[in-house]
Every structure is written in C-alpha cells, then in structure tokens.
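Here is how the chains run, residue by residue.
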Amino acid sequence: MPAIAVVGAQWGDEAKGHIIDLLAARASLVVRCQGGPNAGHTVVTAQGTFRLHLVPCGALRPGVRSVIGHGVVVDPFGLLDELDTLAAAGVDPSALVLSERAHLIAPYHRQLDVLEERARGEAMIGTTGRGIGPAYADKASRTGLRVCDALSPSGRQELRRAARHAERLIHGFDDGTAIDAETSPSEDVDRYLEALERLRPYVGDTLTIVHDALDRGETILLEGAQAALLDLDTGTYPFVTSSCTLVAGALAGAGVPPSALAATVGVYKTYPTRVGTGPFPSEMDGATGDLTREIGHEYGATTGRPRRCGWFDAVTARYSARLNGYSAVALTHLDVFDTFPTLRLCTGYRLRGAVIDRVPPMAADLAACEPIYEEVEGWRVPTNSARAVEDLPDAARAYIARVEELVGVPVALVTVGPERDEVVWLRPLL
Ligand code: IMP
C-alpha cells in the first residue's frame, strides 16, 4: 500500500495528531514533512497525553518507524528535549530517523524571529517565536545549515559562517542588543555542536528509507503540519507560516512522488480556530467564542496562547479541498458542539456589497468579508460514547452531511473526544 497524506485543512490545530495516531496503527512509516517546532501535535494514549513538536506521531505506536523529512526545520535542543521526555514516559524513540538534508534552526533564528515580529509593530504576525521564518529564509537564500553540513568535519566552520551572517542581520535591528540576553550567535557554537552530536545516532538517509518502503508496498503516512490557510503561497499572506503546508509540500518534504499517493485526508475541525493575528471571517462573537474555547480547551499546544474560535467556514473549506484534492475528510471535535442549541455554517462572504465564494488574496479584503451564515439545529445530547454512525443523533448526522455537501468531499470519520477510541467511522479511507 502506498502513501497517505494527512494535512490540516483550515488554520491549524485541527487535531491532526489524533488522526495521524489512528492511521499510524496501520502504517509502517510516519513522516513529518515540513514546518518545525511551531507545530504541536497532541496525542492521547494509555500512557498519557503527548505534545509532539518535531517527533512524528508514529513514534507513539510500537513497531512504527518515524522519519523527520528533509522539508522540516529542526531545532536540535527542542528535539533532544522531546526525545528525553518521550524516553522518560517509557516511549522508545530509537526508531526515529532524522534526515541528513533537514535544515537547522539555531538560537539566532529564534532571536531574529522575535526581532522581526517587534519590528512589524501593529502588523505583527503572531509567530510562535520558534525561528521558523528566519530558518526557512536562510534555506531559500542558500545561507542555511543542514544537519549533514553541521555534522561534517567542517561543521564548526560552517556554523561560524552561518552565525556571522546572522549576527550581521541581528545588528541591523536597532534594538538588536535588547533580546541578546543569551549569547551571541558565534558563542553558541560549542553548545550547539554538542547537541548535534547527541542527535548523530538518529541521523540518516531518509530518502532511501522512504523509497525502499514504497518499493516494498508498505503504507507510509505523510504527517502534515500547520494547514492550508497558513500556506506560504495560498494562505492568508502575510499571516502565514513559512513552508508549503499543502499535500504538495508534504510530498516534497518527504521525497515521495505524487504517483505514490493513494489517499489524501483533509482534517477539518467542526469549528476552525486560529492563533496569531490575521483575517478570520467566521470568527465567533465574544461569548460564543469563549464558550467554545473553554469546552474545546483551545489553547496553543506550542505557546499556550488562547485560540480564536469560528464557525465552520465553507468558503475556505472548499478552497483548501480544491488545493489539496482530498479523497476524504476527517471532521474532529464534533462533541464540542454537544450543548449548543443552534449552529452556524458560513456559506459565503459579502465583500463591499457583493457576494463572493472565493478567498481574496489581500488580507485586508478577507478581513473586510462579512460571513453569510445558515443556521442549523444543534443536537443537545452528548456524543462522546458514539462509536458508529447509528449512535449519532439525527441533527449531528445532518450537520455532517451538510459539511460534506459544502466541502464536496466525503467525510470518512468524525472524532467525538480526544481518546484513541473516540471515533466514528463513516466509510473506509481507501
Ligand atoms: P510561525 O510558523 O511560527 O512563523 O508562525 C506563523 C503563523 O502560523 C502564526 O500565526 C502562528 O500562530 C501560525 N502557526 C504556526 N504553526 C502553527 C500550528 O502548528 N498551529 C496553528 N498555527 C500555527
């Protein structure tokens, strides 16, 4: 069986971790493809709740190998912390392989991230502050540092070269010294090289691992991070992340050819959420948003920031489906609406008097879009114990059917709680 891609269909935090963990039970290999420690994938297992930032969710399934692909930007300190935390919880992360081609995040990338955000002032993006943008910028401008470069005999010189480049950038900011409480980029080199040495046993040729697995007909899961509306090209620029968050980015970041793709799962949360700034047309009003946030525990897994909550938005949902060509939808957190008497679905936008059903390219235009809502009945009964479609109340089934109709893709499964078994399958994925 070939590759299955699982990607975020909204603004992130759709509970991709839950879906990937479920599907990982049937896979031999799980590959993180892009993004970096800005991601926070939460998985609830019998051993506890895990928040993974760089380690693929497959690591929590014994016998499943996990790969950090070359499209990911890796912070060695963060990865070591994560591996230590997993080991302390009794999870053996030894089956992890880190791509030798992956680009590295260094402390100066985090400094630059903070400085750039500060310089943006009111127009700040609300990044996770993990150095993602500066690391990808270095990669694109060919000033970056890959794992294999840093671990080569000339790694120290390479790191010094990259650090000098970063120092020049940092000094270009007026308040550059203000956050430089740690050490200067060049002084960090020793500590950084030590951390990389500890990672050396995990480093390998992930392309051959992935290609061999495909040749053997094994199931490979491509674990997307962030989501379609945060994509660098097609998201709500500039309020986006710095990688390609689409299926195309998952393939590129893992080194999997499109012909190997058997299924593409778009993960949608029943109510989209957004962290950071940027337009969000179907954002709920204060009290409803607060209620949804509390019931859904909508606080960032990476930064702890409260997430903004919204009604299901069919305009961005369709846009994301067309960009990614989902073969199936996973609809998560259905149970969060269990007590709501009525629900809204955004079916279009009104922009300066005209009705539109597309996502305008300018953030200011999207911010000016007024949502057009249709209102539907809530189900007002708990759904957590549902395990088959017949267990779901009629109103919940009608809601799912309406989502399916609006997105134009069949819903394969819905989740009714965070536990592994709190899932209702509506149809098989393949
Ligand atoms: P960055 O990826 O840290 O540069 O942040 C850019 C934007 O993407 C900010 O609005 C972040 O809040 C958002 N973002 C990045 N990673 C995630 C994620 O995993 N979930 C949700 N939002 C994210």
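Counting restarts for each chain: residues are numbered from 1 in the order of the written sequence. With the structure being a predicted model, the display of local features is reserved for residues of pLDDT at least 70 and the display and counting of side-chain atom pairs for 80 or more, all residues being used for whole-chain, interface and lining totals. Values reported for side chains reflect all heavy atoms of the structure, with hydrogen atoms and water molecules removed beforehand.

### What to know about the pairing of strand S19 (residues 411-415)
For the record, the criterion: For the exposure calls, accessible area comes from a 1.4 Å probe over protein chains only, and a residue counts as buried if that area is under 20% of its type's maximum, exposed if over 50%, partly exposed in between. Secondary structure follows DSSP: runs of H or I at least 4 residues long count as helices, runs of E at least 2 residues long count as strands, and numbering of each begins at the N terminus. Two strands are counted as paired when DSSP detects at least two bridges linking them.
Buried residues dominate S19, accounting for five of its five residues. The pairing of strand S15 (residues 328-332) with S19 spans three bridges and is parallel. Bridge pairing links Val329 to Val411 in S19. The pairing of S19 with strand S20 (residues 423-425) spans three bridges and is antiparallel. Directly across from Thr415, in S20, lies its bridge partner Val423.

### Re the nonpolar core
Put simply, the rule reads: What is meant by a nonpolar core is a set of buried Ala, Val, Leu, Ile, Met, Phe, Trp, Tyr and Cys residues, joined one to another through side-chain atoms within 4.5 Å. Two residues qualify as a contact provided that any one of their heavy atoms is within 4.5 Å of a heavy atom in the partner residue.
Counting residues in each nonpolar core, the largest one holds 61 residues, and the members touching the most others are Val6, Ile68, Val74, Leu79, Leu98, Leu104 and Leu221. Considering each element in turn, this core owes the most residues, six residues, to helix H7 (residues 189-199). When near neighbours in sequence (up to four residues on either side) are disregarded, Leu98 contacts Ile68, Val74, Leu79, Val147, Leu199, Tyr202, Val203, Gly204 and Thr206. In terms of nonpolar packing, the next biggest core, distinct from the first, is built from 53 residues, Cys33, Ala250, Ala254 and Leu392 among them.

### Quick notes on the packing of aromatic side chains
Here is the rule we go by: Only Phe, Tyr and Trp rings take part, Trp by its six-membered ring, and two of them pair if their centres are within 6.5 Å. Stacked means planes under 30 degrees apart, edge-to-face means over 60, and tilted covers everything else.
In total, this model carries ten aromatic pairs according to the counting rule given. Grouped by ring-pair contacts, the aromatic residues Tyr271, Trp311, Phe337, Phe340, Trp379 and Tyr399 constitute a single cluster.

### Examining the state of the cysteines
Our working definition: Any two cysteine sulfur atoms lying within 2.5 Å of each other are counted as a disulfide.
In total, this model carries zero disulfides according to the counting rule given. No disulfide involves Cys244; its sulfur sits 11 Å from that of Cys33, the nearest cysteine. Distance from the sulfur of Cys309, which forms no disulfide, to the nearest cysteine sulfur (Cys346) is 16 Å.

### A closer look at the pattern of salt bridges
Put simply, the rule is: Every case where a carboxyl oxygen of Asp or Glu lies within 4 Å of a side-chain nitrogen of Lys or Arg is listed as a salt bridge.
On inspection of all chains with the given rule, the structure shows 25 salt bridges. Across the pair Glu158 and Arg161 runs a salt bridge whose closest N-O atoms are separated by 3.0 Å. Of the two residues, Glu158 and Arg161 both sit in helix H6 (residues 155-171), three residues apart, roughly one turn of that helix. A residue is classified by how much of its surface remains accessible, and Arg161, at 31% relative accessible area, is partly exposed. With a closest N to O distance of 2.9 Å, Asp290 and Arg293 form a salt bridge.

### Here we look at H7
Inclusion rule: This arc is built from the directions going out from the helix axis to the C-beta atoms.
Within H7, the full set of buried residues consists of Val189, Tyr192, Leu193, Ala195, Leu196 and Leu199. End-on, the buried residues of H7 take up no more than an arc of 160°, which puts them together on one face.

### Details of the side chain of Thr45
Let me state the cut-off plainly: Two N or O atoms form a polar contact when they lie within 3.5 Å of each other; inside protein one atom must be a possible hydrogen donor and the other a possible acceptor, and for residues adjacent in sequence the pair counts only when both atoms belong to side chains.
Structurally, Thr45 can be placed in strand S3 (residues 41-45). You can call Thr45 buried: its relative accessible area is 8%. At 3.0 Å, the side chain of Thr45 forms a polar contact with the backbone nitrogen of Gln47. In contact with Thr45, other than residues within four places in its own chain, are Phe50, Leu60 and Arg420.

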